[in-house]
Amino acid sequence: MIIFAPTVMNNVRKGKAKYILAPLVMLLLMTMAQVGNGRAHTYIVMHQYGITDTLPKKKAVTLPDSAQSSVKNDTVRVPQLEDSALDTSKFQIKKDTIAFKTTKGALDAPVTYHADDSMVLDVPTKKITLYGKESKTTYKDNILTAPGIEFNQESGVLSAYYTKDSLGRVVAFPTYNDKDFKTISDTIRFNMKSGKGITKGTYTQQGEMYVYGEKIKKVDADVFYAYKSRFTTCNLDTPHFAFVSRRIKFINQKLAITGPIHPEFEGVPIPIYLPFGIFPLTQGRHSGVLPPTFVEDQNLGLGLVGLGYYKVISQYWDIIFKSNIYSYGSYALEVNPRYYKRYHYTGNFDFQYQYNKYNTQGDPDYQVNKTYQINWLHQSDSKAVPGLTFGASVHYGSTQYNRNVTNNPIVPFNNSSNSSINYARTFKTYSYTVTGTASQNSNTKRTDLVLPTLSFNLNTLYPFRKKEAAGALKWYENLGIGLNSAIQSTSHYYDDTTTKAYPQIGTNFQWGANHSVPITLSLPQLGVLNIAPSVSYNERWYQQKTIISLDSRSNTLDTSVQKGFYTARSMSFSVGLTTKIYGMFTFGKHASVRAIRHLITPTISLTYTPNMNAKSYYNSFDTLGNVIRRSFYGNGIYGAFSEQRFGGLNFGINNNIQAKVHSNSDTADGGVKKITLIDAFNITSSYNFLADSFQLSPIAMSASTNLFNKINITAGATLDPYEHDSVGQRKKRLVWKDKTLTLGQLTSANLALSTQFKGGDPKKTAPAHSLVQPFSNIDPTTGQPLNDYQQEAAYVSNNPAAYTDFSIPWTISLSYSLGVSRVTSTGYVNTYFSYITQYAVTQFVNWNGTLALTPKWQTGITGSYDITNKDLGLISVTLARDMHCWQMAISVSNSAVNRFFSISISPKASILSDLKVNRTRSVNAQPGQ
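Bear in mind the structure is a predicted one, so any value in this text is a computation, not a measurement.

A. Structural view of the overall build of the protein chain. The secondary structure content of the protein chain amounts to 4 helices and 56 strands. Burial status across the protein chain gives 33% buried among its 929 residues. For the protein chain, the accessible surface area stands at approximately 55,700 Å², while carbon and sulfur atoms represent 58% of it.

Here's what the structure looks like:
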């Protein structure tokens with residue numbers, strides 16, 4: 001390392017080189033010596049300063065007599081001194097310094113040079129030339145790297161250029177880096193004093209834009225101009241497409257403004273010129289017009305979809321206005337304000353209105369539909385107020401809104417929508433929640449409201465525990481008591497033209513409450529048994545009594561309601577026991593299946609529930625004259641308690657079966673791998689000793705497994721252990737008295753199978769995807785709400801299986817569901833009116849598959865089929881093409897509700913998301929119905 005002043009050359013000519021020539025000669029000799037070794041490493045820190053001729057001599061410091069040190073055996077001992085013992089004012093200490101002064105036109109920071117090969121210092125011309133593949137200069141934040149660099153000390157200009165080897169190949173190109181501005185050029189000239197520069201044959205990147213200019217002139221730290229320039233989002237040297245302009249002004253990472261501009265594809269100019277262009281380069285939110293998409297609808301005509309305006313209101317608010325306009329007179333409006341405050345809350349409102357006209361006025365099938373939809377999403381951040389959460393997911397509107405949505409093959413199939421608003425507070429010993437929900441069904445046109453549900457939960461209290469417990473707890477100190485209370489009000493109405501909603505809400509309004517007091521005791525484990533006694537008290541409040549009676553004259557059921565305040569109560573006492581039983585079957589160390597392990601978890605609980613609701617039941621009749629016991633509170637919100645006493649056993653058994661098999665690939669555990677044969681196989685039922693009949697309850701069975709880690713299987717069934725007569729009524733006779741090898745008659749069953757296979761390398765891991773939550777719509781980098789394009793991109797990233805992945809040659813997903821239920825209905829058999837018992841079977845098949853035709857082409861198909869009704873569901877076929885920096889997607893869907901076709905070609909970069917070619921057609925088979 002050699003440090004010298006740029007004034008050296010001036011001082012040499014003026015004869016002031018008394019103390020300067022020696023370092024200069026040493027510099028030259030060292031450089032020549034290193035060049036002779038085939039490599040030179042020279043670092044020079046340059047600064048404008050002068051050097052004095054002499055250095056002051058150091059003077060010894062003498063301590064006072066009281067502080068004289070004694071020397072003995074080469075050891076110096078310094079006695080302890082008080083602060084006043086040493087008077088530093090008696091000593092004069094001079095610093096060893098070099099005085100300098102800055103010359104006129106000097107740089108205000110050092111310049112660091114590095115030559116990878118050699119350096120040439122030309123004293124008369126005041127030039128320094130660096131050679132080497134990665135020669136480098138650094139001045140402040142400006143970093144220049146090139147195989148050839150020349151520095152003019154007098155003008156402060158740096159020049160860089162590329163070099164070629166003996167075969168004519170370029171060794172390296174000059175690169176320039178200034179904070180966010182980076183370039184790769186053929187030649188670079190930069191003035192370190194003014195900060196200005198000019199480059200030729202330059203590539204640079206601004207956000208998602210790749211910019212090339214024959215000449216680029218940098219006028220300050222943030223502004224530069226490009227001459228004969230093109231910019232694109234394609235990262236190839238010869239891009240697939242670009243926008244070409246003769247003059248462009250760039251404001252670094254903010255804005256690009258062009259003169260006359262035209263596009264070109266594959267280097268071929270397209271004769272479509274615009275007088276100027278403005279391209280935002282900054283990431284974040286910007287107010288502006290939202291361009292539309294051209295569509296065609298058979299019922300609505302030609303249309304512009306998505307025409308609107310985006311406005312940034314403040315740091316926390318923005319708003320989107322959108323509209324759809326069709327040539328036949330239909331239109332749609334949307335207003336979508338959004339808000340977000342980091343660590344506090346996030347959400348958005350969305351109001352949509354549709355005005356759809358079908359056919360022309362005067363036609364017999366002419367109709368006009370006016371529908372609306374209101375959406376509100378809100379989520380508070382738990383960091384804002386610990387223990388408080390508030391969230392809302394509201395989707396409320398006309399029941400026919402989804403049916404009238406065009407250009408979307410999925411939304412018209414959504415026949416229901418659910419909304420909820422919840423507020424919750426959690427404290428040390430208790431918590432409460434307030435929840436409101438709404439559910440709409442477009443088929444029945446019914447809307448159910450729950451406004452609201454108030455819940456209060458008291459954490460388990462241990463009254464026998466001391467405040468400052470010492471040692472192990474006594475058994476009775478684990479006795480705990482809690483409280484769970486809920487109050488709910490409900491109503492419903494039908495969305496029709498005959499009756500308004502508000503009178504229906506008042507007529508159908510009712511409320512109810514449910515209170516539960518659980519008392520538990522956790523006892524120490526008794527050997528292999530776990531014992532858990534408990535007591536439960538429940539109380540329900542009702543608003544009304546409902547009495548159903550038979551009108552013998554019309555043979556119909558009449559319902560009468562008595563308003564008031566009514567209560568009902570129930571208690572239960574239980575003691576539960578559980579344990580685990582392990583069984584192992586071994587087959588030898590050299591067998592393919594080494595062992596099978598069976599885990600059995602039996603549970604038994606002794607329960608007693610007294611009959612505290614005999615007065616809540618009455619005798620009634622059905623239309624066939626059969627006596628039926630009904631409860632006054634059967635139509636209450638929380639239902640009615642049973643009038644039967646229960647004193648018996650609840651029992652169940654859970655099974656899990658695993659196997660150890662030989663594995664050639666897995667050698668971590670002696671070449672043995674564990675596989676699960678049956679994840680769970682449960683059997684549960686109960687027996688009531690106090691019942692006068694039908695003591696044994698129906699037997700419930702369920703099972704699940706994942707065969708070969710490929711096929712997921714879940715199944716369930718309910719068996720009635722008692723026989724049934726010809727009209728479907730239970731008989732007081734167990735089934736196995738006549739049929740030994742049976743557990744009962746099947747009343748319901750279900751089976752679900754699903755599997756997925758894909759080609760390609762199974763060891764290849766999928767790329768990491770964004771973790772943007774679909775609800776939050778927040779950019780995790782900027783913390784701002786995402787726009788529509790970013791939300792769609794985030795959804796694609798979080799759901800890669802639903803979109804094209806060209807690295808997978810093929811995929812196939814299959815699912816099958818089967819449902820069986822025993823149904824008893826009334827009808828005529830051989831001209832006689834009687835009960836009919838039969839099994840209702842439902843079967844569905846769903847499939848989804850993709851096939852890579854080439855590395856850039858992929859097709860896919862998705863569909864479903866109702867086997868029971870022989871009805872083909874929505875069938876969707878897609879075709880995708882990866883065009884490097886562009887993408888193309890073709891989608892065709894067909895169903896009984898509508899037919900849909902769409903083709904879209906667009907750039908992949910989000911900055912050009914609006915520059916897309918879209919063709920969409922849809923046909924609503926049942927408009928407005």
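Having seen it, we continue.
B. Spatial organisation of the packing of aromatic side chains. Tallied over the full model, the rule gives 33 aromatic pairs. Centre to centre, the rings of Phe427 and Tyr432 are 6.4 Å apart; their planes meet at 25°, and the pair counts as stacked. The exposure class assigned to Phe427 is partly exposed, which follows from its relative accessible area of 32%. The class of Tyr432 is partly exposed, set by a relative accessible area of 27%.

C. The arrangement of the pattern of salt bridges in detail. Counted under the stated rule, the structure contains 13 salt bridges. Arg569 is paired through a salt bridge with Glu539; the nearest N and O atoms lie 3.5 Å apart. One end of the pair, Arg569, is in strand β37 (residues 556-578); the other, Glu539, is in strand β36 (residues 530-551), with 30 residues separating them in the sequence. Residue classification places Glu539 among the buried positions, given a relative accessible area of 14%. Shared partners join several salt bridges into a network, and the residues in it are Glu723, Lys731 and Arg733.

D. View of the nonpolar core. If you look at the biggest cluster of nonpolar residues, it comprises 39 residues, and the most contacted ones within it are Met192, Phe231 and Phe250. Residues within four places of Phe250 in sequence aside, it is in contact with Gln206, Val211, Asp222, Val223, Phe224, Ala226, Leu255, Ala256 and Leu281. Core analysis: the second largest hydrophobic core is formed by 8 residues, Tyr542, Tyr566, Phe632 and Phe641 among them.

E. Examining empty space enclosed by the protein more closely. If you walk through the whole model with that rule in mind, you get 7 cavities of 30 Å³ or more. In this structure, the second largest cavity encloses a volume near 80 Å³. In this structure, the second largest cavity is lined by Tyr176, Phe181, Thr183, Ile188, Arg189, Phe190, Gly197, Ile198, Thr199, Ile216 and Lys218. Mapped onto the lining of the second largest cavity, the elements with two or more residues apiece are β13 (181-184), β14 (187-191), β15 (197-206) and β16 (209-218). A per-class count over the lining of the second largest cavity returns 6 nonpolar, 3 polar and 2 charged.

F. The arrangement of unusual backbone geometry in detail. A cis geometry characterises the amide bond from Leu451 onward to Pro452, with omega recorded as -20°. Here Pro452 is to be found in strand β33 (residues 446-461). Positive phi values are uncommon outside glycine, yet Phe694 reaches one of about 50°. Relative to the helices and strands, Phe694 is located in the loop between β43 (672-688) and β44 (699-707).

G. A look at the confidence of the model for the protein chain. With 79% of its residues at a pLDDT of 70 or more, the protein chain has an overall mean of 79. The least confident element of the protein chain, judged by mean pLDDT, is strand β1 (residues 2-4) at 35; the most confident is strand β35 (residues 510-521) at 94. Below pLDDT 50 for its whole length, residues 1-86 participates in 118 contacts with residues either more than four positions away or in separate chains. When the criterion is pLDDT under 50, residues 792-802 qualifies, and its contacts beyond four places in sequence or with other chains add up to 10 contacts.

H. Inspection of a positive patch on the surface at higher detail. Taken together, the side chains of Lys200, Lys215, Lys228, Arg246 and Arg247 make up a positively charged region of the molecular surface. By the element assignment, Lys228 lies in strand β17 (residues 223-232).

I. Fine view of the side chain of Arg540. Residue position: Arg540 is located in strand β36. With no salt bridge to any partner, buried Arg540 finds its closest opposite charge in Glu539, at an N-O distance of 10 Å. Reaching out from Arg540, the side chain makes a polar contact with the side chain of Asn514 at a distance of 3.2 Å. Setting aside its immediate chain neighbours within four residues, Arg540 contacts Ala513, Asn514, Tyr566, Thr567, Ala568, Tyr638, Gly639, Ala640 and Phe641.

J. Focus on the environment of Thr718. Summarising the element assignment, Thr718 is placed in strand β45 (residues 711-720). Classification of Thr718 by relative accessible area gives partly exposed; the value is 26%. Considering only alpha carbons, one finds Thr718 and Gln745, 27 residues apart in sequence, at a separation of 8.4 Å.

K. The arrangement of the pairing of strand β7 (residues 127-139) in detail. Taken together, the 4 bridges between strand β5 (residues 111-114) and β7 define a ladder with antiparallel strand orientation. Bridging from a neighbouring strand, Val111 pairs with Tyr139 of β7. Pairing between strand β6 (residues 118-122) and β7: 5 bridges, direction antiparallel. Looking at the pairing, Leu121 lines up with Ile128 of β7. Of the pairings in the sheet, the one linking β7 to strand β8 (residues 142-152) comprises 10 bridges and is antiparallel in character. Bridging from a neighbouring strand, Ile128 pairs with Phe151 of β8. Connecting the antiparallel pair β7 and β8 is a turn made up of 2 residues, with Lys140 showing a positive phi of about 55°.

L. A look at the state of the cysteines. Considering all chains together, one arrives at 0 disulfides under this definition. With no disulfide of its own, Cys234 lies closest to Cys885 among cysteine sulfurs, the gap being 3.7 Å. Given the relative accessible area of 1%, Cys234 is considered buried.

M. Geometry of the pairing of strand β32 (residues 430-441). By the bridge criterion, 11 bridges tie strand β31 (residues 416-426) to β32 in an arrangement that is antiparallel. Counted as the bridge partner of Ser420 is Thr437 from β32. Linking β31 back to β32 in an antiparallel pair, the connection comprises 3 residues. Across 11 bridges, β32 lies against β33 in antiparallel orientation. Considered in β33, the bridge of Gln440 is made with Thr447. Hairpin connection, β32 to β33: the antiparallel pair is bridged by 4 residues, and Lys445 has positive phi, about 60°.

Here is what the cut-offs are and how they apply
- Residues numbered from 1 in each chain as written.
- Predicted model: local features only at pLDDT ≥ 70, side-chain atom pairs only at ≥ 80, totals over all residues.
- Heavy atoms only, no water.
- Helix = DSSP H or I, 4+ residues; strand = E, 2+ residues; numbered from the N terminus.
- Buried < 20%, exposed > 50% of the residue type's maximum accessible area, 1.4 Å probe, protein only.
- Areas by Shrake-Rupley, 256 points an atom, 1.4 Å probe, with all protein chains shown as cover.
- Phe/Tyr/Trp six-rings, centres within 6.5 Å; stacked < 30°, edge-to-face > 60°.
- Salt bridge = Lys/Arg side-chain N within 4 Å of Asp/Glu carboxyl O.
- Core = buried A, V, L, I, M, F, W, Y, C linked by side-chain atoms within 4.5 Å.
- Contact = heavy atoms within 4.5 Å.
- 1 Å grid on protein atoms, 1.4 Å probe; cavity = no way out; pocket = protein on both sides within 12 Å on 5 of 7 lines; lining within 4 Å.
- Points joined across faces, edges and corners; volume = space filled by probe spheres on them.
- Nonpolar A, V, L, I, M, F, W, Y, C, P; charged D, E, K, R; others polar.
- pLDDT = per-residue confidence, 0-100.
- Patch = residues over 30% accessible without salt bridge, like charges linked within 9 Å, V, L, I, M, F, W, Y side chains within 5 Å.
- Lys, Arg positive; Asp, Glu negative; His and termini not counted.
- Charge placed at Lys NZ, Arg CZ, Asp CG, Glu CD.
- Polar contact = N/O pair within 3.5 Å; in protein donor to acceptor, adjacent residues only side chain to side chain.
- Pairing = 2+ DSSP bridges.
- Disulfide = S-S within 2.5 Å.

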